[in-house]
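Coordinates in review
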Amino acid sequence: MFDLTHFIRTLAIWAIPVLFAITVHEVAHGWVAWKRGDPTAMLMGRLTLNPVKHIDPFGTILLPGILLLFHSPFLFGYAKPVPVNFAGLKKPKSDMVWVAIAGPAANLLMAIFWTAVLWLGGHLPGALAYVAEPMQLMGEAGIIINVILIIFNLIPIPPLDGGRVAVGLLPASASIALSRVEPYGFIILIVLLFTGILWSVLGPLFLWIYHFFLAVGGGS
């Protein structure tokens, strides 16, 4: 049965953390690519924090909506990838690493930011409880989505960021071999996800990092 109250409450808590997590992630890729010689994202107007410019119909709207309808304890989503012309970079192979790592690095900074929001919410005076509780809930949501994006995107399978980092760092023969996996990357990830292998490997790491930030922020 559809619970409108739960839907609105969850949306209110998760909307801002999720939108900023996926938007800043993509802007970070485009900004570093621009600084390393490729202006594609900048010329296409993608170096903006306006979420509308980064909306992916499935990843930004449909997927979070499905999770909401099924009362998921958390929301997840992704934005439309920023276009990067790796051949236009000053040093394509090494610069690819910096462009790729920029997204997870941005999520790390946002996880720290939301930890600060969580801590601040827990230290407001009682008279501001009506503000403190939403801050704490949004802080926890911000930590969750950003830690998920960090870990997921650092999986060393192209076209994920971790895969591009590996391609940029590996010797030529291994780099070429790994880059050939890219057309099948998402199929591999879906199989790993639905067989439970992905969570069994990455779940403990997620929980450790999540609880670390939670402890720093004084969360429950």
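Residues numbered from 1 in each chain as written. Predicted model: local features only at pLDDT ≥ 70, side-chain atom pairs only at ≥ 80, totals over all residues. Heavy atoms only, no water.

Comments concerning the UniProt feature "domain: Peptidase M50" (unreviewed entry) in the protein
Mapped onto the present numbering, the UniProt feature "domain: Peptidase M50" (unreviewed entry) falls at residues 15-119 and 142-194. Annotation note: span residues 142-194, helix share 74%, strand share 0%, distance between end C-alpha atoms 25 Å. (UniProt positions renumbered as here; feature names shortened; annotations may be inferred. Helix = DSSP H or I, 4+ residues; strand = E, 2+ residues; numbered from the N terminus.)

Topic: the confidence of the model for the protein
Mean pLDDT for the protein: 90, with 96% of residues reaching 70 or above. The spread of mean pLDDT over the elements of the protein runs between helix α3 (residues 57-69), the lowest at 83, and helix α4 (residues 92-122), the highest at 96. (pLDDT = per-residue confidence, 0-100.)

A few points about the nonpolar core
Counting 35 residues, the largest nonpolar core has Trp14, Phe76, Ile143, Ile145, Val147, Ile155 and Phe206 as the members making the most contacts within it. The element that contributes the greatest number of residues to this core is helix α5 (residues 129-153), accounting for ten residues. Val32, Ala33, Val99 and Ala106 belong to the second largest nonpolar core, which has seven residues in total. (Core = buried A, V, L, I, M, F, W, Y, C linked by side-chain atoms within 4.5 Å. Buried < 20%, exposed > 50% of the residue type's maximum accessible area, 1.4 Å probe, protein only.)

Focus: the side chain of His54
Within the secondary structure, His54 sits in the loop between α2 (40-43) and α3. Polar contacts involving the side chain of His54 include one to the side chain of Arg46, which spans 3.1 Å. Setting aside anything within four residues of it in sequence, one finds His54 in contact with Thr23, Glu26, Val27, Arg46, Thr48, Thr60, Ala79 and Lys80. (Polar contact = N/O pair within 3.5 Å; in protein donor to acceptor, adjacent residues only side chain to side chain. Contact = heavy atoms within 4.5 Å.)

Let's talk about the UniProt feature "transmembrane region" (unreviewed entry) in the protein
The sites that carry the UniProt feature "transmembrane region" (unreviewed entry) are, in the present numbering, residues 12-34, 55-76, 96-120, 141-157 and 186-210. Summarising residues 96-120: 100% helix, 0% strand, and an end-to-end C-alpha distance of 37 Å. Helix makes up 92% of residues 186-210 and strand 0%, with an end-to-end C-alpha separation of 25 Å.

Overview of the packing of aromatic side chains
This model, assessed by the stated rule, comprises six aromatic pairs. With 6.1 Å between their ring centres and 55 degrees between their planes, Trp199 and Phe206 make a pair best called tilted. A centroid spacing of 6.0 Å and a plane angle of 5 degrees characterise the contact between Trp208 and Phe212, whose relative ring orientation is stacked. Placement of the pair is Trp208 and Phe212 together in helix α9 (residues 197-217), with a separation of four residues, close to one helical turn. Relative accessible area serves as the criterion here: at 59%, Trp208 is assigned to the exposed category. Three or more aromatic residues link up through ring pairs in this structure, and these residues are Trp199, Phe206 and Tyr210. (Phe/Tyr/Trp six-rings, centres within 6.5 Å; stacked < 30°, edge-to-face > 60°.)

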